[in-house]
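# Structural overview
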Amino acid sequence: EYGLRLLTRTLVVALKVATNSSEQHYVAYTIQQILVIVNDTSKSQEKENSSKQVITENSFNISNEAKEKMSPSLHDELRSANVLDIIEPYWESKFNEKSKIMASNTTQPPFFRQSQSYYFWISRWCRFMILRANEDNSSTWQGLLYACRTVVRSPSALSVSEFILPLLVLERLCFGTSEDEAAIMEELKDVFQLSGSQPAITDPLANMSHSSKQKAVTTAFNLIDTLRWWSNKETEEGSKEKSNLAVSSISYDGKSWKGSMCVEKISDLLDTLSIESMASAAAAMGLHARALLCLESKARAQLATRIFDSTSAQSKDNFGQMITARHGLGSELLEGIDISLLKEVLAKLDDFSTMKASAKTDKILMFDEDAIRERESRGDWAGALTDYERALQSHTNTERRAHLEKGSIQCLLKIGLHESVLNQVNGIIHASKKLQVKNTTTPVCHSIPTAVDAAWRLGRWDTLDNLLKEYNYNKGSADSEVIFELEVGKAMLGLHRQRKDEVDKAVKAGRDAIMNKLSVLAKDSYERSYPSIVKLQCIREIEDAAAILCDSDFTDNLGVIFDLANSNESKGWAWDIRLNLISSFQRSPISDVRLALSRLSGDKKLARDQLFTMGKTARKNGLFDLASTYFAQCCCTLDPAANLSKEILGDIQMQLAKLEYHSGQSGSALRILGVENIKGWSKLSEASVRSEALKRLQTLLGQSAGGSEELMLTDMAKRLLKSTRWIAEGGLQPVSEVMERFQVTNLLQPKWEKCHFEFGKYIDSLLETRISGVAQHEGLSAEEDGVRKYVFSDDMNCQNYLIMAMEQYLGALKVSDAHVYQVLPRLLSLWFEYTSVEGDETEKIREKRKDRHETLMNISTDPTAFLLKRKNEANELFNRSVRSISGEIFYTAMPQLISRICHPNSDTCHAVQTLLTRLLLKFPAQVMWALAWVRNSVDKVRARTGHEIFAGAQKSLLARAENTRRLDPRKKMILEKNQKILAASKNFISYLINIAKYSPKDERARSFKLGKWRGDVELCDFIPPIQSALTTPIDPTSSIESLPRFRAFHSGVQIMSSKAKPKRVKFYVVPGAHSISSNPGLSSTKSPEDIGELHFLLKNEQKGDLRKDARVQDLNNVINRLMTATTTTEEKGKLRRRLALRTFAVTCLSEDCGILEWVPNTESFRSLTSKAYNPQAAIYSKKRHGRRLANFADPNLKRNYESCQNHYFKRGDLTKAARSFELHFLDNFPPLFYWWFVHHFQDAHSWYEARNNFTTSAALWSAVGHVIGLGDRHSENLLIDTSNGSCVHVDFDCIFDKGLTLPKPEVIPFRLTPNMIDGFGPVGAEGIYTESLKSAMSVLRDNRDTLISVLEPFLKDPIIDWKKIGRSSQRQGVTNASVRDVKQAERSMKVIDERLRGIYNLKNPNFTKIRRSDHVDIDHNEDMSRMIPLSVEGQVQKMIAEATNHENLIQLYIGWMPWI
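A brief report on the enclosed structure follows.

This paragraph deals with the overall build of the protein chain. The helix and strand inventory of the protein chain stands at 67 helices and 13 strands. Expressed as a percentage of its 1460 residues, the buried residues of the protein chain come to 55%. Here the analysis covers contacts within the protein chain between residues at least 6 apart in sequence; of these, 74% occur between residues at least 24 apart. Looking at the protein chain as shown, the accessible area adds up to about 63600 Å², and 50% of this sits on carbon and sulfur atoms.

Right under this line is the structure:
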């Protein structure tokens, strides 16, 4: 097996990449020899055994006649690996070895300290061990290893050496002498002694490149990983069998090594290696994730005996209380390691959350350096500069001060103080030259590269030239960043001198420096590589400009740079488009280069545009001082005498106003915009308003007020809208004047979507304020049942506000879909709520408040008649406007529209049905899935409505097809086909429902065979209900080919083992544009035309409702959009980019059946925990494996848990119950999930990224789950994506705090159990998890209005009963209004709104049922404290404290498994 892997995975690749015939021959000869060994025919095996006594260099020089035919099994193995055509010719080849290189190999260890390159080291080391193995007749692997004696000489076959190195080492450890073992240990120690400092000139390693050193360290770690993996595998197999271990899986000749000997030898080798040295070497070579893993491994090893060894006296410590103290092992997991190295590694990984937590854990304050690193990571250069200055005042060490001075100068450069940079560096240079009198050598000023940057940005070319001459460096040893900065300076100087050769030379050197650094960074993450990629773009743009700027005729074509920079053609540079593709926090290097190129070209307009862009970016990033500097420079480029466009000056004024406003100077900001007072404009005609606006703008801009009239009006509208928003937010003017300002803005720009949106939001806020005010005036509460309808029906102002809000929202949707997810849900909610108000519903309240009702409003007519009139106005407004709004916009609100197909108002109901018919007509392949369950509803009225919608769409399709007969035959064919699809969809959906409800006679059956679906259309006419295919509507007459289609069902269906017995179905899919010759509908094999296969879960819910799951997925998609769109200055978007919920499509086929998109590569949290084990624990320790703690069938587990709970539920002693829980569960089942990540993700970077994915996704789910009251979070409803570590939650039936109504209430905000915390890393919940949770809660709270507008339709959906009424009520024909708990929906909305405002309102119902007997004082102020909004940080800390409180965990249902 090992030989086959060597052949198929390594030697074939080496053969392909060989650079010359000599190297090809090395590889080919090895393939020829390996083939003889792995051939498993009986005769070749006999020959192999007979020749096994002594193997020399001629042992495998077998003549062609002596070879037997290749065995069928080997032939099949090579064919299955797709390498038969490549390898088979070498079965008949006759390569011979001419040289006696192995016999003459006199090089002796140690090899690393004598090598000048990575190739020489690994090649010599492998050849030496191969020779030693060949001399040892007892070696099991002698023949296979000796066959590789030539290939290790090839530089193109380094992968072969790396592949066989672990086997060579293990072979020498087991069969070699003590000298061999000592040589291996010494070799690895030499590699791990590498550090970041430059070795002495006399040291041979001085000539080894950084890249070679990094490869050597990586190979050494891979060697250790492989050996450790073999050892762990054998140990685990032995612990299961409890017998002698045998490594039979890696022997080929009938012999076998004793597994115990392998494990012992590997353990001895690993014990001799210093983990601190390994971590230091990894950090020095840029392998920061590997260094972190080493440090964590050492820290955990120190706790293994104490916690996991049941025979240790120390294991009696109360581990349960230990993890209570810090939501994890905390300080216990960081003792005995180099904290300074840990912080250095975390800083390199940009993990400042863990770094801060580790500082707290170590019971010390953060160093100055820690604070500085954090500020620099956030882009807070001014704050970092202040910290550097403070540090300089407290440090006297010369070396330390030099480091701090360099950092402070870099901060000056970042905040644009280039003159200060040059002054400080010049001062340092002069001071260092004075020291030359006393010293033989001149101290090097390490800030010169920073000064070089400042010089070319300022255009100080003489200064730049002097600085470049001042700084001498060795390109072989200098830092890549330093080389890049200096070479860019040389390139800029070459451009100034118009010397193309100098530019080309500098560009090449700079690019090589960045590529060398990128080769290391790319192994960590794309995020860490991103700045280097941006620098490569800088090099590219300098190179592009050099071809023009260095041309002798350039002065005659000054505008060519401007034209190329703004051209989007194939030969253009497209500066704006490229800049928009780059993160706003990484644009600075490119912007600086472009500004310098603009100035070198002499194009003032291009330089002005660059300065404006840089200022705008700086403002958005929160760098207000830097933004002010750029805008001031931009203003200096304006020529008052020239007739320039007013646009740039107007834009500068807008940006300056925003700067003032964000600095707290709202009055100054309004004065800059110059539109504080426009009173009376709304009474003017449209032409007069436009004239006044132009006059005002002419006054503001003066001579620069040129340009078209339309551009000037747009500028004025922007000023008005921005100032109006600020005035409304600050309450600086009365409502009437704010309304007037919005109206004037609409007059100036009637088709501006943003204005309609902002105006609608403002009116909406007035509406809600009016409702609350009227209710309060009447002595009522707006949250009381029926009060909103009462106010709507009787208050004219509320009705006016509602109609106005609808007008503005509809106006926004007519123009654009920019705010569709905020506008449409709210618009539909207002419309549905208002038109559902009936006069008789509010009559009771009206009668009760008769004495005060007269003060509410003065309606001359009958209130009921007036209400009916206004409702008709709302319906007419919607019907009139909807014709001008595209169907794609309403597609986003399909669930909300479907929920009101049986609206009590007949006109509203008709409008909804008409709109759904229109959507089904336009997007039949997608909308049919959303409407599928309506036709199969148990409610007869709803089912009849569903049939009418489908029938209406089919009728319209046929009519359109008839009308287009003579116009477009292709379109006619598509229309007729869509009609057939809609007609056949009923039968297809019924077929899927039958699969979901199928129950085999044998209850133990786990699969069954499908019967073929028979319909009027082919299966390939349907698109699969997956999220990617249903998210965006596709017009079938244009681009339906972009969607995949079904080809066939797999004939076998798997029955899942869960209680509901869902069915897992597999489909084969083909591309949408692919034509299928035959479509059987069923298939057991994949076809060449397939693009893949899709898996679905067909589920029949007896108690739950899959429509809840579908709605929650819709909400999650909205939250993902918010996470992507929202940015904060402080975090620079680093955490935000990683925060995303994993979603999947849930399509309802009826009230109780649905088809769910299968999430691949997922496994339950409980299952993965049961597979985890701690390799540092004793082999037979009961605490080593996770299978014990996740074994729900263990009767002792259940008995002990119930015993713990009885202390509280039966005796009221919650304190004792929690302590008993700690003793029997947390002490006996210490967490192990950390090790699942270590074992599953072999690569250190993959491990680190997966763990971070798990942590950040768990944090986001925690935030969302708490806000919407997501319960039933047992260990089977939490899935882990085993490909990347992220969390995936399933089963959303228990939502909106329904978990509090369970027999044993779920009294925690979310799942945060010991094993989850263990998976977060050494600082538990206090590092990335807490910061991610803060980030998520900040986004949710900042977008409270958007989330409420999305959630409100869900809760007020009359179709779904969130409290889950009995299905019998529906079958009895009870109307939705009679079974709908409106009061509960409004209460849930209030709870969600409070949580989005920072109030922790999760109440434990057990506290009102069970009286405590443990003499714990009851906090009578608890209810009062729950009414106080907390800050984001306070709310997060409260949530974590409640989620990890053992007194809460012990109250949960045993199936929840709170100890996992």
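Let us look at the environment of arginine 1411. Structurally, the position occupied by arginine 1411 is in the loop between α64 (1406-1409) and α65 (1422-1425). Among the residues examined, arginine 1411 registers a relative accessible area of 78% and is labelled exposed. Each C-alpha atom, one on arginine 1411 and one on aspartate 1213, is 8.9 Å from the other, the two residues being 198 residues apart in sequence.

Okay, the packing of aromatic side chains next. As enumerated under the stated definition, the model contains 51 aromatic pairs in all. When the ring of tryptophan 831 is compared with that of phenylalanine 878, the centres are 3.8 Å apart and the planes differ by 15°; the resulting orientation is stacked. One end of the pair, tryptophan 831, is in helix α39 (residues 820-835); the other, phenylalanine 878, is in helix α42 (residues 863-882), and 47 residues separate them in sequence. As far as burial versus exposure is concerned, tryptophan 831 and phenylalanine 878 are alike and both buried. Here phenylalanine 1237 and phenylalanine 1254 contribute two aromatic rings whose centre-to-centre distance is 5.4 Å and whose plane-to-plane angle is 50°, an arrangement assigned as tilted. Of this pair, phenylalanine 1237 sits in helix α56 (residues 1233-1240) while phenylalanine 1254 sits in helix α57 (residues 1244-1268), and the two are 17 residues apart along the sequence. A single burial state applies to phenylalanine 1237 and to phenylalanine 1254, both of which are buried. Among the aromatic residues, those joined into a cluster by ring pairs are Trp929, Phe988, Tyr991, Trp1013, Phe1022, Phe1046, Phe1049, Phe1067 and Phe1096. Here the basic side chain of arginine 1121 rests over the ring of tyrosine 821, its NZ or CZ set 3.4 Å away from the ring centre.

Looking now at the state of the cysteines. Under the defined criterion, the tally for this structure stands at zero disulfides. Distance from the sulfur of cysteine 634, which forms no disulfide, to the nearest cysteine sulfur (cysteine 635) is 6.0 Å. With no disulfide partner, cysteine 636 has as its closest neighbouring cysteine sulfur the one in cysteine 635, 7.0 Å distant.

In space, the three strands of this open sheet follow the order β11-β12-β13, with antiparallel pairing throughout. At either margin of the open sheet sits one strand with a lone partner, and together these are β11 (1162-1164) and β13 (1287-1289). Adjacent strand axes in the sheet meet at a mean angle of 35° when their direction is disregarded. Sheet topology places β11 next to strand β12 (residues 1278-1281); three bridges connect them, and they run antiparallel. Each bridged residue has a counterpart across the sheet, and for threonine 1162 the counterpart in β12 is aspartate 1281. Sheet strands in contact with α57 are β12 and β13, and its direction is about 30° off that of β13.

The interhelical angle for the contact between α56 and α57, taken along N-to-C directions, is 140°, at an axis separation of 9 Å. Taken together, the axes of α56 and α57 lie oblique to each other. As α56 packs across α57, the resulting crossing turns out to be right-handed. Contact residues: Phe1233, Tyr1234, Phe1237 and Val1238 in α56; Trp1247, Ala1250, Arg1251 and Phe1254 in α57. Of the residues in the contact of α56 with α57, the class split is seven nonpolar, no polar and one charged.

Of note, aspartate 1293 is situated in the loop between β13 and α58 (1314-1320). Accessibility expressed as a relative area gives 13% for aspartate 1293, which makes it buried. Taking C-alpha positions, aspartate 1293 is 5.8 Å from glycine 1104, a pair spaced 189 residues apart along the chain. Residue contacts for aspartate 1293: discarding those within four places in its chain leaves Gly1104, Asp1105, Lys1108, Asp1109 and Lys1298. A polar contact is formed between the side chain of aspartate 1293 and the side chain of lysine 1298, at a distance of 3.2 Å.

Among the ten residues that make up helix α15 (residues 339-348), seven are buried, leaving the element largely enclosed by the rest of the structure. By the burial criterion, the buried members of α15 are Ile339, Leu341, Leu342, Lys343, Val345, Leu346 and Ala347. The positive-phi residue at the C-terminal boundary of α15 is aspartate 350, with phi of around 60°.

Before going further, it helps to examine the environment of valine 1436. By the element assignment, valine 1436 lies in helix α66 (residues 1432-1444). Here valine 1436 falls in the buried class, since its relative accessible area comes to 0%. Not counting chain neighbours up to four residues away, the residues in contact with valine 1436 comprise Thr1330, Leu1333, Lys1334 and Met1337.

With their axes 8 Å apart at the nearest point, α57 and helix α59 (residues 1328-1342) run at an angle of 40° to one another. With respect to their mutual orientation, α57 and α59 come out oblique. Of the two possible hands of crossing, α57 and α59 adopt the one that is right-handed. Between α57, through Asn1252, Thr1255, Thr1256, Ala1258, Ala1259, Leu1260, Ser1262, Ala1263, Val1264 and Val1267, and α59, the contact on the second element is made entirely by Ile1328, Tyr1329, Ser1332, Leu1333, Ala1336, Met1337 and Leu1340. Looking at the contact of α57 with α59 residue by residue, the classes come out as twelve nonpolar, five polar and no charged.

The tally for this structure, following the rule as stated, stands at 66 salt bridges. Two residues, arginine 172 and aspartate 180, come together in a salt bridge whose shortest N-O distance is 2.9 Å. Note on aspartate 180: relative accessible area 6%, which makes it buried.

With that settled, consider the side chain of glutamate 187. Its location among the elements puts glutamate 187 in helix α9 (residues 178-192). As a buried residue without a salt bridge, glutamate 187 has its nearest oppositely charged side chain in arginine 113, at a separation of 7.0 Å. A polar side-chain atom of glutamate 187 sits 3.0 Å from the main-chain amide nitrogen of phenylalanine 111. If we skip the residues at most four places from it in the chain, glutamate 187 touches Pro109, Pro110, Phe111, Phe112, Trp121 and Trp125.

Most of strand β6 (residues 1063-1070) sits inside the fold, with seven of its eight residues counted as buried. The pairing of strand β4 (residues 1045-1050) with β6 spans four bridges and is classified as antiparallel. Within β6, the position partnered with arginine 1045 by the bridge is valine 1070. Relative to β6, strand β5 (residues 1052-1055) runs antiparallel, the two sharing two bridges. If you follow isoleucine 1055 over to β6, its bridge partner there is lysine 1063. The pairing of β6 with strand β8 (residues 1092-1100) spans seven bridges and is classified as antiparallel. Opposite valine 1069, over in β8, you have glycine 1092 as the bridge partner.

Next up on the list: the side chain of glutamate 23. Note on placement: glutamate 23 falls in helix α2 (residues 21-38). At 10 Å, arginine 153 is the nearest oppositely charged side chain to glutamate 23, a buried residue that forms no salt bridge. Ignoring any residue separated from it by four or fewer positions in sequence, one finds glutamate 23 in contact with Ala18, Ser154, Pro155 and Ser156.

Of all nine residues that make up β8, seven are buried, and the element is covered over most of its length. Relative to strand β10 (residues 1153-1157), β8 runs antiparallel, the two being bridged by five bridges. Residue lysine 1099 lies in a different strand from β10, and its bridge partner there is glycine 1154.

Let us now look at a positive patch on the surface. Taken together, the side chains of Lys616, Lys620, Lys718 and Lys754 define a basic patch exposed on the protein surface. Judged by relative accessible area, which is 53%, lysine 620 ranks as exposed.

What follows concerns unusual backbone geometry. A cis amide bond, omega 5°, links proline 109 with the succeeding residue proline 110. As for its position among the elements, proline 110 is in the loop between α5 (84-87) and α6 (118-135). In this model, phenylalanine 1296 sits at a positive phi of 55°, which is unusual for a non-glycine residue. Mapped onto the elements, phenylalanine 1296 comes out in the loop between β13 and α58.

What counts and what doesn't
- Residues numbered from 1 in each chain as written.
- Predicted model: local features only at pLDDT ≥ 70, side-chain atom pairs only at ≥ 80, totals over all residues.
- Heavy atoms only, no water.
- Helix = DSSP H or I, 4+ residues; strand = E, 2+ residues; numbered from the N terminus.
- Buried < 20%, exposed > 50% of the residue type's maximum accessible area, 1.4 Å probe, protein only.
- Contact = heavy atoms within 4.5 Å.
- Areas by Shrake-Rupley, 256 points an atom, 1.4 Å probe, with all protein chains shown as cover.
- Phe/Tyr/Trp six-rings, centres within 6.5 Å; stacked < 30°, edge-to-face > 60°.
- Lys NZ or Arg CZ within 6 Å of the ring centre and 35° of its normal.
- Disulfide = S-S within 2.5 Å.
- Pairing = 2+ DSSP bridges.
- Axes fitted to C-alpha atoms, helices over the stretch in contact; angles between N-to-C directions.
- Parallel < 35°, antiparallel > 145°, perpendicular 65-115°, else oblique.
- Left-handed = near helix turned anticlockwise from the far one by under 90°.
- Nonpolar A, V, L, I, M, F, W, Y, C, P; charged D, E, K, R; others polar.
- Polar contact = N/O pair within 3.5 Å; in protein donor to acceptor, adjacent residues only side chain to side chain.
- Salt bridge = Lys/Arg side-chain N within 4 Å of Asp/Glu carboxyl O.
- Lys, Arg positive; Asp, Glu negative; His and termini not counted.
- Patch = residues over 30% accessible without salt bridge, like charges linked within 9 Å, V, L, I, M, F, W, Y side chains within 5 Å.
- Charge placed at Lys NZ, Arg CZ, Asp CG, Glu CD.

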